[in-house]
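This is what each chain is made of:
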Amino acid sequence: MPDNPQNVTSIIAAPPSAGAKKTFYLETFGCQMNVHDSEKVIGTLLRQGYRQVETVEEADLVFYNTCSIRDKAEQKVFNRLNDYKKFQKQGKKFAVLGCVAQQEGEKIFEKAPYVSLVAGSASYNNLPQMLVQLEAGNTRITGLDDRQTDLTFETEFTARTNPHRGYITIIEGCDKFCAYCVVPYTRGKERSRTSDSVLAEARKMADLGYTDIQLLGQNVNAFADPLGKKTFAELLYAVGELPGIRRVRFTTSHPRHFSRDIIEAIDALPTLCDHVHLPVQSGSSRVLNAMHREYTREMYLEKVSWIKASKRQIALTTDLIVGFPGETPADFEETITLMHECQFDAVFGFKYSPRPNTPAITMEDSIPDEEKARRLQILLDRQREIQRVNYEKQVGKIFEVMVEGFNEARGQVNGRTSQNVTLNFTALPQHTPSIGSYVTARVIKSFPNSLVGEMVVQG
Ligand code: 5AD
Ligand code: SF4
């Protein structure tokens, strides 16, 4: 799934090392990569003897893991840092991590002088040393290694909070330089972990009782094993075949690297989830070219035809941008027709937002915001209708769901299908399934974004 910069994710690692005196608070914005980076940062901090707390007030050290993908994100970060200003007299220290840290660099010290540490994700390997400097009283510590590093951020001390489902990064950074996108500048060049180290981590998680693993990468299917032992599809097989693993997802796939063997793997191995997130961005080959996506509408549709031809019911989701510089009404119409052709199971639509350093920043942001908003609304309305019709077709079908939680008020159990669809269901009498377990449910009702069902005993 794509990011959601509006969402703050609170990751509280339990149990904290109770005796530790130094405390930290960490707040995360943005995509799953950021959320998972925070899990690794938390693990590193706990390892260094810090204790995690739930409020800024209680913390000696405040970390803010930022996202800069869209919408004047930098400004939001500075506004937030401004809120923190009142705490500076209490001797708290502040650290800005993530994409805004990498993008704005030392400018952050100028605008928010009470910040002592600014580090982008490509330098998290050096966090232990940076913490030593912080404790020594250094107030201008930077970790701004962007495209230099060949290293990935790996640690045995990842503080995962969900005991059933967990992320594993397999590739970091991006070398695609899409014209609108800030990621290649904030997350550095593409670098893959070895398949051996990914598998060792997955095995360890399976031993701990994890059943659901999500492989992460900005371009997950550009994975290139540095030792050349496994292709991406072979890695999927290897993780999916580990004893105890019941679900493997991977995100985000780039259409350019989306090869047939990925679908063949899903077809062959039931533990690989019936879901592909394949951002297309636009339905117009002309706009795709201007975006430097390096595929055409037709090439994308060909890959979609492989997915649709699968023996499995593979859900297809995408990201779309409206109002890219020069997008004409006819281009936009092509995006709408593409949506209908692909019958996406979910669409994440965004208004184009000019980003610093990107090639598109030099193009005129020619579409007024009201027009972008209008196009986005049309797109979302059309997609809602597509989903309404398609979700309705699921009524009567039986799905395996992983139990995620409970809605006491509605008397429902919240679950997720292999297709990544939310299925809320009523449990069998005397049989409330536990979180993390897998049960089957029959769909009895549908909404455009979720299904409602009842638990059944699979005979
Ligand atoms: N403006 C709007 N949307 C963007 N995305 C990335 N950069 C921008 C931008 N400058 C969207 C893309 C990407 C998703 C994560 O965010 O659709 O797939
Ligand atoms: Fe950004 Fe394009 Fe890289 Fe995706 S592939 S992270 S959109 S530059």
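Just so it is clear, the structure is predicted and the values come from calculations on it, not from any experiment. (Residues numbered from 1 in each chain as written. Chains lettered and ligands numbered in written order. Predicted model: local features only at pLDDT ≥ 70, side-chain atom pairs only at ≥ 80, totals over all residues. Heavy atoms only, no water.)

Novice: Residue-level account of the side chain of Asp37, with values.
Specialist: If you trace the backbone, Asp37 turns up in helix α1 (residues 32-47). If sequence neighbours within four positions are ignored, Asp37 has contacts with Asn65, Ser121, Tyr124, Phe153 and Arg187. (Helix = DSSP H or I, 4+ residues; strand = E, 2+ residues; numbered from the N terminus. Contact = heavy atoms within 4.5 Å.)

Novice: Please give an account of the site of ligand 1 that cites residues and values.
Specialist: Residues in contact with ligand 1 amount to 12 residues; listed here are only the nearest, Arg70, Tyr180, Gln281, Asp319 and Ser353. Note that an oxygen atom of ligand 1 is positioned 2.6 Å from one of the side-chain N or O atoms of Asp319. Taking Ser353, its main chain carries an N or O atom lying 2.8 Å from a nitrogen atom of ligand 1. About the coverage of ligand 1: the protein hides 92% of its 400 Å² of free accessible area. Of all elements in the fold, only β14 (315-322) and β15 (346-351) reach the threshold of two or more residues within the shell around ligand 1. (Near = heavy atom within 4 Å. Polar contact = N/O pair within 3.5 Å; in protein donor to acceptor, adjacent residues only side chain to side chain. Areas by Shrake-Rupley, 256 points an atom, 1.4 Å probe, with all protein chains shown as cover.)

Novice: Help me get a handle on helix α11 (residues 297-308), residues and values and all.
Specialist: With 12 residues, α11 extends 16 Å between its outermost C-alpha atoms, agreeing within 8% with the 16 Å of an ideal straight helix rising 1.5 Å per residue. Along α11, the residues that are buried comprise Arg297, Tyr300, Leu301, Lys303, Val304, Trp306 and Ile307. Packing partners of the buried residues in α11 comprise α9 (260-268), β13 (275-277), α10 (285-290), β14 and α12 (329-342). (Expected span 1.5 Å × (residues − 1). Buried < 20%, exposed > 50% of the residue type's maximum accessible area, 1.4 Å probe, protein only.)

Novice: How would you sum up the nonpolar core? Please name residues and give values.
Specialist: Counting 66 residues, the largest nonpolar core has Ile170, Leu215, Phe250, Val276, Tyr300, Phe344 and Leu379 as the members making the most contacts within it. Viewed by domain, this core spans two of them, domain 2 (162-273) and domain 3 (302-392), each represented by three or more residues. Residues Phe29, Val53, Val62 and Phe78 belong to the second largest nonpolar core, which totals 23 residues. (Core = buried A, V, L, I, M, F, W, Y, C linked by side-chain atoms within 4.5 Å. Domains from an automatic or database assignment.)

Novice: So what's going on with the pattern of salt bridges? Residues and values would help.
Specialist: Under the definition given, this model contains 32 salt bridges. Salt-bridge contacts for Glu400 lead to Arg247; the nearest nitrogen and oxygen are separated by 3.6 Å. Taken together, the residues span a long stretch of sequence, with Glu400 in strand β16 (residues 398-407) and Arg247 in strand β12 (residues 247-251) at a distance of 153 residues. Judged by relative accessible area, Arg247 falls into the buried class, the value being 1%. (Salt bridge = Lys/Arg side-chain N within 4 Å of Asp/Glu carboxyl O.)

Novice: How would you explain the domain arrangement of the protein chain if you had to name every residue and give the values?
Specialist: Domain annotation for the protein chain reports domain 1 (23-143), domain 2 (162-273), domain 3 (302-392) and domain 4 (398-456). Just the C-alpha atoms count here: the centres of domain 1 and domain 3 sit 34 Å apart. Taken over both partners, the interface formed by domain 1 and domain 3 buries close to 480 Å², and the fraction arising from carbon and sulfur atoms is 45%. Three residues stand out in domain 1 for area buried against domain 3, namely Arg70, Asp71 and Gln103, and they jointly supply 70% of the buried area on that side. The tally of links between domain 1 and domain 3 comes to 1 salt bridge. Arg355 is paired through a salt bridge with Glu74; the nearest N and O atoms lie 2.8 Å apart. If you look at where domain 1 meets domain 3, you find 2 residue pairs in polar contact (both at pLDDT 80 or more). For the side of domain 1 that touches domain 3, the per-class residue count stands at 2 nonpolar, 2 polar and 4 charged. (Buried area = accessible area lost by both parts, 1.4 Å probe. Nonpolar A, V, L, I, M, F, W, Y, C, P; charged D, E, K, R; others polar.)

Novice: A description of the packing of aromatic side chains should follow, citing residues and the corresponding values.
Specialist: One pass over the full model with this rule turns up 11 aromatic pairs. When the centroid spacing of 5.5 Å and the interplanar angle of 75 degrees are considered together, the rings of Phe29 and Tyr64 count as edge-to-face. Residue Phe29 is located in strand β2 (residues 23-29), and its partner Tyr64 is located in strand β4 (residues 61-66); the two are separated by 35 residues in the primary sequence. Seen from their ring centres, Phe94 and Tyr114 are 5.8 Å apart, and the 80 degrees between their planes marks the pair as edge-to-face. Taken together, the residues span a long stretch of sequence, with Phe94 in strand β5 (residues 93-97) and Tyr114 in the loop between α4 (107-111) and β6 (115-119) at a distance of 20 residues. (Phe/Tyr/Trp six-rings, centres within 6.5 Å; stacked < 30°, edge-to-face > 60°.)

Novice: Residue-level account of the confidence of the model for the protein chain, with values.
Specialist: When pLDDT is averaged along the protein chain, the result is 93; 95% of the residues meet or exceed 70. Long-range and interchain partners of residues 1-10, a stretch whose pLDDT sits below 50, account for 32 contacts in this model, where long-range means more than four residues apart. (pLDDT = per-residue confidence, 0-100.)

Novice: Which residues make up the sheet that holds β14, and what are the values?
Specialist: Here we have 3 strands laid out as an open sheet, ordered β13-β14-β15, and parallel in their pairing. Each edge of the sheet is formed by a strand with only one pairing partner; in this case those strands are β13 and β15. Ignoring which end each strand starts from, the neighbouring axes of this sheet average 15 degrees apart. Strand direction decides the pairing type here: β13 and β14, joined by 3 bridges, are parallel. By the bridge assignment, Val276 is partnered in β14 with Leu316. Against the sheet, helix α13 (residues 369-392) touches β14 and β15, its axis set at about 175 degrees to β15. (Pairing = 2+ DSSP bridges. Axes fitted to C-alpha atoms, helices over the stretch in contact; angles between N-to-C directions.)

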